[in-house]
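Chain by chain, the residues:
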Amino acid sequence: MNESNLKQIIARNIAFYRKDAGWTQLELAEKINYSDKSVSKWERGEGLPDIVVLTTLAELFGVTVNDLLREEEPVAPPPAPVEKTELPLQTRVNVLLLSAGLVWLVAAVVFFLLKICAPDIKHAEYAFVAALPACAVVVLVFCCMWWNWLVRCIAISALVWLLAMCFHVMLGLENAALVYVVAAVFQVLIVLWYFLMAKPARKPEQAEAIEE
């Protein structure tokens, strides 16, 4: 490979990686403390950056110096993996409490409107009773996002019993208290589900030992 070919290869690769990064020649020049005329000269194949500049360019582009010297068509570097950052416990609790508070705010507004717009309506306070399972749903959503199986199990159990209470209080039907029997059956199923889902899978070595 002669010098002319090397200039053209480096020119093509610098231009490709610069454009892939979304930078102008001036922006790239500022990052390496050179003039945009120098970058333009390199990309036209009229000059060669020294090894220090090549190393700096490779680091900026997220590639190696060999990539800048490669004769094959350049390939865009893979995007850097995005690290998942977990919210601190205090932040999660604050978000949970604020979300639950919004449910109670809606219930208070409904109660207020019923009292103002329909003062003759009975049991306007049921707005707060209905807010209990609604609040439990909000809590369950966040528990599924942020916490383990045990917390989810407790949240689901709370939702089941609050729904049963809501049904019993608001409908006022004869024998409505029997709904708690249904809730109890659901509770048993929830506990069984928790133990089945939370039980760690046996390792293959353990399974083989049992079979033997």
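In case you missed it, the structure is sitting above this.
Residues numbered from 1 in each chain as written. Predicted model: local features only at pLDDT ≥ 70, side-chain atom pairs only at ≥ 80, totals over all residues. Heavy atoms only, no water.

1. A short note on helix α6 (residues 89-117)
Between its first and last C-alpha atoms α6 spans 42 Å; for 29 residues at 1.5 Å apiece the expected length is 42 Å, and the two agree. Of the residues making up α6, those classed as buried are R92, L96, S99, A100, V103 and A107. Lining the buried residues of α6 we find α7 (126-146). (Helix = DSSP H or I, 4+ residues; strand = E, 2+ residues; numbered from the N terminus. Expected span 1.5 Å × (residues − 1). Buried < 20%, exposed > 50% of the residue type's maximum accessible area, 1.4 Å probe, protein only. Contact = heavy atoms within 4.5 Å.)

2. Things to note about the packing of helix α1 (residues 3-21) against helix α4 (residues 51-61)
Two quantities define a packed helix pair, namely the angle between the axes and the distance from one axis to the other. At a minimum axis separation of 10 Å, α1 and α4 run at an interaxial angle of 30°. The two elements α1 and α4 cross, and the hand of that crossing is left-handed. For the pair α1 and α4, the contacting residues are I10, I14, Y17 and R18 in the first and L54, L57 and F61 in the second. The residue inventory of the contact of α1 with α4, partitioned by class, reads 6 nonpolar, no polar and 1 charged. (Axes fitted to C-alpha atoms, helices over the stretch in contact; angles between N-to-C directions. Left-handed = near helix turned anticlockwise from the far one by under 90°. Nonpolar A, V, L, I, M, F, W, Y, C, P; charged D, E, K, R; others polar.)

3. Things to note about a nonpolar patch on the surface
Where nonpolar side chains cluster on the molecular surface, the patch consists of L178, V181, V182, V185, F186, V188, L189 and L192 and spans about 750 Å² of accessible area. For L178, a relative accessible area of 53% translates into the label exposed. (Patch = residues over 30% accessible without salt bridge, like charges linked within 9 Å, V, L, I, M, F, W, Y side chains within 5 Å. Areas by Shrake-Rupley, 256 points an atom, 1.4 Å probe, with all protein chains shown as cover. Salt bridge = Lys/Arg side-chain N within 4 Å of Asp/Glu carboxyl O.)

4. Quick word on the side chain of N13
Following the sequence through the fold, N13 ends up in helix α1. Classification of N13 as buried rests on a relative accessible area of 0%. Reaching out from N13, the side chain makes a polar contact with the backbone oxygen of R70 at a distance of 3.1 Å. Each residue touching N13, except ones within four places of it in the same chain, is listed here: D67, L68, L69, R70, E72 and P74. (Polar contact = N/O pair within 3.5 Å; in protein donor to acceptor, adjacent residues only side chain to side chain.)

5. As for the packing of aromatic side chains
Overall, the coordinates contain 10 aromatic pairs when judged by the stated rule. Each ring, one from F16 and one from Y17, has its centre 5.3 Å from the other, and the planes form 80°; the classification is edge-to-face. Its relative accessible area of 4% is what places Y17 among the buried residues. With 6.0 Å between their ring centres and 85° between their planes, W146 and W147 make a pair best called edge-to-face. Each member of the aromatic cluster is reached from another via a ring pair, and the members are F16, Y17, W23 and F61. A cation sits over an aromatic face here: K31 above W23, 4.7 Å from the ring centre. Its guanidinium or amino end placed over the ring of W149, R152 lies 4.8 Å from that ring's centre, counting from NZ or CZ. (Phe/Tyr/Trp six-rings, centres within 6.5 Å; stacked < 30°, edge-to-face > 60°. Lys NZ or Arg CZ within 6 Å of the ring centre and 35° of its normal.)

6. A few points about unusual backbone geometry
One non-glycine residue, H123, lies in the positive phi region at around 60°. You can see H123 is positioned in the loop between α6 and α7. Classification of H123 as partly exposed rests on a relative accessible area of 43%. Look at N175: it is not a glycine, yet its phi comes out positive at around 60°. With respect to the secondary-structure elements, N175 resides in the loop between α8 (149-171) and α9 (179-198).

7. Concerning the pattern of salt bridges
If you walk through the whole model with that rule in mind, you get 4 salt bridges. A salt bridge links E43 to R18, with the shortest nitrogen-to-oxygen separation between them at 2.5 Å. You can see E43 sitting in helix α3 (residues 36-43) and its partner R18 sitting in helix α1, a full 25 residues away along the chain. One exposure class covers both E43 and R18, and it is buried. Between D67 and R70 there is a salt bridge, and its shortest N-O distance comes to 3.0 Å. The exposure class of R70 is partly exposed, given its relative accessible area of 39%.

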